[in-house]
Amino acid sequence: MTATTLPTPADLSITPRDRRFGRETATPRLWHGGRVEATAIYNALSSTFPIGEAYFVESVRAFREGAPPKLAEEIKAFTTQEAIHSREHDAFNKRAELAGYDLSKLEARVQDRLAITRERAPIVNVGATMALEHFTAILAHELLNNPRHLEGAEPEAADLWRWHSVEEIEHKGVAYDTWLFATRDWPRWKRWKVKAKVMLLVTRNFVVDRTAGSLELMRQDGVTGIKAWSLLLWYLWVRPGMFRKIAGAWLKFFLPGFHPWNEDDRHLLAAYPAIASGDEPKRKVRRAV
Ligand SMILES: [Fe+2]
Ligand SMILES: [Fe+2]
């Protein structure tokens, strides 16, 4: 693998933006448009980030030693971005707890899954991170591309999700390039086979766990059974239909020659200049890591 063979744009800048959200005011319990299912889905996702992103950092960092200088720099920026995401989602989750939700079951589920994966070789962990990062990148793309996903959401919370999405798009190639570097001696077929297997496993766990997590949070709002399932499935698959909308991008992962930067979607970042400007002082960023 050489830097010139990778589709990651040469002029890509991965900029950690040390933003803080929602510190001044309490977040309403049903912050997402007063909707139980929308709030539950985003809260369930957020509950996974502090634990999950620390794991991503640890998995990718394991390969920084000996990586080409450009990739090593990108890993550093990736690490800083993810550390700040964890901090902000941790604060967001605390606000959800203050509003009365109990996230402990959801967090325990992520810990259990990761405890199993951590026992495997570092290459498996970077593979799982690469697959999950594709997931977050296509969710981020859809979130920024279609304002309907955050329609009615409390503005500070919506900004948190947009800011996170901007940075997920920016660093979407880092775990993938690390994986390419880590498996540079593997035959193409083996690389594809492992990558496909990992993606299928990660997807199954993601869908099963986030569904269970969302249903648990809806239960805490007194919505259960068929009503909970229909609200959830409608929201995820029909309108706004996040899962339906990302299905095509998810499938592209399995194509030979796939790379996250085969699609340059940086125009989505420009649509949020206040978030994407990245003009925060670097001093703060270093302190946060
Ligand atoms: Fe992140
Ligand atoms: Fe990420």
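Worth saying up front: this structure is predicted, and the values here are computed from it rather than measured. Residue indices begin from 1 for each chain and proceed along its sequence in written order. Chain letters and ligand numbers both follow the written order, the letters beginning at A and the numbers at 1. Given that this is a predicted model, residues contribute local features only at a pLDDT of at least 70 and side-chain atom pairs are listed and counted only at 80 or more, while totals for whole chains, interfaces and linings are drawn from all residues. For the side-chain quantities, the full set of heavy atoms in the structure was used; hydrogens and water were omitted.

**Q** Break down the coordination of the iron ion (ligand 1) for me, citing the residues and quoting the values.
**A** Those protein atoms acting as donors to the iron ion (ligand 1) are Glu53 (OE), Glu82 (OE), His85 (ND1), His164 (NE2) and Glu168 (OE), and they sit at 1.9 to 2.2 Å. Here the iron ion (ligand 2) and the iron ion (ligand 1) are spaced 3.7 Å from one another, each receiving a donor from Glu82. Note that His85 is positioned in helix α2 (residues 69-98) and Glu168 in helix α5 (residues 155-170), a separation of 83 residues in sequence. Exposure categories follow from relative accessible area, calculated using a 1.4 Å probe and restricted to protein chains: below 20% of the type maximum is buried, above 50% is exposed, and the middle band is partly exposed. In this structure His85 comes out as buried when scored by relative accessible area, which is 0%. For Na, K and Ca the donor cutoff is 3.2 Å, while for all other metals N, O and S atoms count as donors only within 2.8 Å; water does not appear among the atoms, so some sites may look incomplete. Only DSSP runs of H or I with at least four residues qualify as helices, and only runs of E with at least two residues qualify as strands; both kinds are numbered from the N terminus onward.

**Q** Would you mind going over the coordination of the iron ion (ligand 2) in detail, with residue names and values included?
**A** Of the protein atoms, only Glu82 (OE), Glu133 (OE), Glu133 (OE), Glu168 (OE), Glu168 (OE) and His171 (NE2) coordinate the iron ion (ligand 2), at distances of 2.1 to 2.6 Å. In these descriptions, tetrahedral denotes four donors with every angle between 85 and 135 degrees, square planar four donors and octahedral six donors with opposite donors over 155 degrees apart and the rest between 65 and 115, and irregular any other case. Classification of the site at the iron ion (ligand 2) as irregular follows from its 6 donor atoms and the range of 53 to 152 degrees in their angles at the metal. Donor residues for the iron ion (ligand 2) sit on one chain with the sequence pattern E-x50-E-x34-E-x2-H.

**Q** Explain the packing of aromatic side chains to me, using residue names and the numbers behind them.
**A** Each aromatic pair joins two rings of Phe, Tyr and Trp (for Trp, the six-membered one) with centres within 6.5 Å, and gets the label stacked for planes under 30 degrees apart, edge-to-face for over 60, and tilted for any other angle. Tallying each qualifying case throughout the model produces 16 aromatic pairs. A centroid spacing of 5.5 Å and a plane angle of 85 degrees characterise the contact between Trp31 and Phe92, whose relative ring orientation is edge-to-face. Here the residue Trp31 occupies a position in the segment before α1 (36-61), and Phe92 occupies one in helix α2, the gap between them amounting to 61 residues. We classify Trp31 as buried; its relative accessible area is 4%. Of the residues examined, Phe92 reaches a relative accessible area of 2% and is grouped as buried. Ring geometry for Tyr42 versus Trp161: centroids 5.0 Å apart, planes at 85 degrees, classification edge-to-face. Pair noted here: Tyr42 is in helix α1 and Trp161 is in helix α5, with a separation of 119 residues, a long-range link. Of the two residues examined, Tyr42 and Trp161, each falls in the buried class.

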